[in-house]
Amino acid sequence: MVQKMDDIGVENASPEDIITALEKARFSLDNSENIFNLDLMIDYNLIGKDNSADLRALLGAELGIGYSNGKQFMAKLNRYGISLEEFKKAYEKINKR
């Protein structure tokens with residue numbers, strides 16, 4: 001069977017890749033507390049700077065939430081129940097690279 005290199009559907013994923021993806025999946029039922037706001041995004045240079053998109057890409061990969069523009073990134077941080085402590089640890093880790 002010939003597999004195209006750009007065919008990345010779940011049907012072509014290995015069981016290990018599927019397990020890893022499920023382990024990294026995020027979901028939160030409690031959306032009442034929005035820890036992350038515009039001021040925090042600015043303080044951490046995640047919006048408004050030349051390298052903001054790169055920082056969001058690295059941080060999104062580290063947290064397992066993927067890349068988004070600034071507004072959507074902030075919404076993901078809140079929606080997926082990421083704690084401020086987890087955010088700060090991930091931010092420190094990407095800045096050590």
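Below is a short write-up of the structure. All figures in this text were calculated on a predicted structure; none of them were measured in a lab. (Residues numbered from 1 in each chain as written. Predicted model: local features only at pLDDT ≥ 70, side-chain atom pairs only at ≥ 80, totals over all residues. Heavy atoms only, no water.)

## Thoughts on the pattern of salt bridges
- For the coordinates displayed, the defined rule picks out two salt bridges.
- Residue Glu62 pairs with Lys93 through a salt bridge whose shortest N-O separation is 3.2 Å. Of the two residues, Glu62 sits in helix H3 (residues 52–63) while Lys93 sits in helix H5 (residues 84–95), which places them 31 residues apart along the sequence.
- Overall, Lys93 belongs to the partly exposed group, its relative accessible area being 46%.
- Between Lys89 and Glu85 there is a salt bridge; the shortest N-O distance is 3.3 Å. Taken together, the residues span about one helical turn, with Lys89 and Glu85 both in helix H5 at a distance of four residues. Here the two residues Lys89 and Glu85 agree in accessibility, since each one is exposed. (Salt bridge = Lys/Arg side-chain N within 4 Å of Asp/Glu carboxyl O. Helix = DSSP H or I, 4+ residues; strand = E, 2+ residues; numbered from the N terminus. Buried < 20%, exposed > 50% of the residue type's maximum accessible area, 1.4 Å probe, protein only.)

## Re the packing of aromatic side chains
- For the structure shown, the criterion picks out four aromatic pairs.
- A centroid spacing of 4.8 Å and a plane angle of 85° characterise the contact between Tyr44 and Tyr91, whose relative ring orientation is edge-to-face. Of this pair, Tyr44 sits in the loop between helix H2 (38–43) and H3 while Tyr91 sits in helix H5, and the two are 47 residues apart along the sequence. Like Tyr44, the residue Tyr91 is buried in the burial classification.
- Taken together, the aromatic side chains of Phe36, Tyr44, Phe87 and Tyr91 make up a single cluster linked through ring pairs. (Phe/Tyr/Trp six-rings, centres within 6.5 Å; stacked < 30°, edge-to-face > 60°.)

## As for unusual backbone geometry
- One non-glycine residue with positive phi stands out, namely Asn45, at about 60°.
- Of note, Asn45 is situated in the loop between H2 and H3.

## What to know about the environment of Asn69
- Here Asn69 lies in the loop between H3 and helix H4 (70–79).
- By relative accessible area, Asn69 is classed as partly exposed at 42%.
- For Asn69 and Leu46, which are 23 residues apart along the polypeptide, the C-alpha to C-alpha distance reads 9.2 Å.
- There is a polar contact of 3.2 Å between the side chain of Asn69 and the backbone nitrogen of Lys71. (Polar contact = N/O pair within 3.5 Å; in protein donor to acceptor, adjacent residues only side chain to side chain.)

## What about the nonpolar core?
- Counting residues in hydrophobic clusters, the biggest one holds 17 residues, and the most contacted among them are Phe36, Leu46, Leu59, Leu77 and Phe87.
- Secondary structure elements with two or more residues in this core: H2, H3, H4 and H5.
- In terms of residues, this core owes the most to one element, H5, which gives four residues.
- Not counting residues up to four positions away in its chain, the partners in contact with Phe36 are Met41, Met74, Leu77, Asn78, Ile82, Ser83, Leu84 and Phe87. (Core = buried A, V, L, I, M, F, W, Y, C linked by side-chain atoms within 4.5 Å. Contact = heavy atoms within 4.5 Å.)

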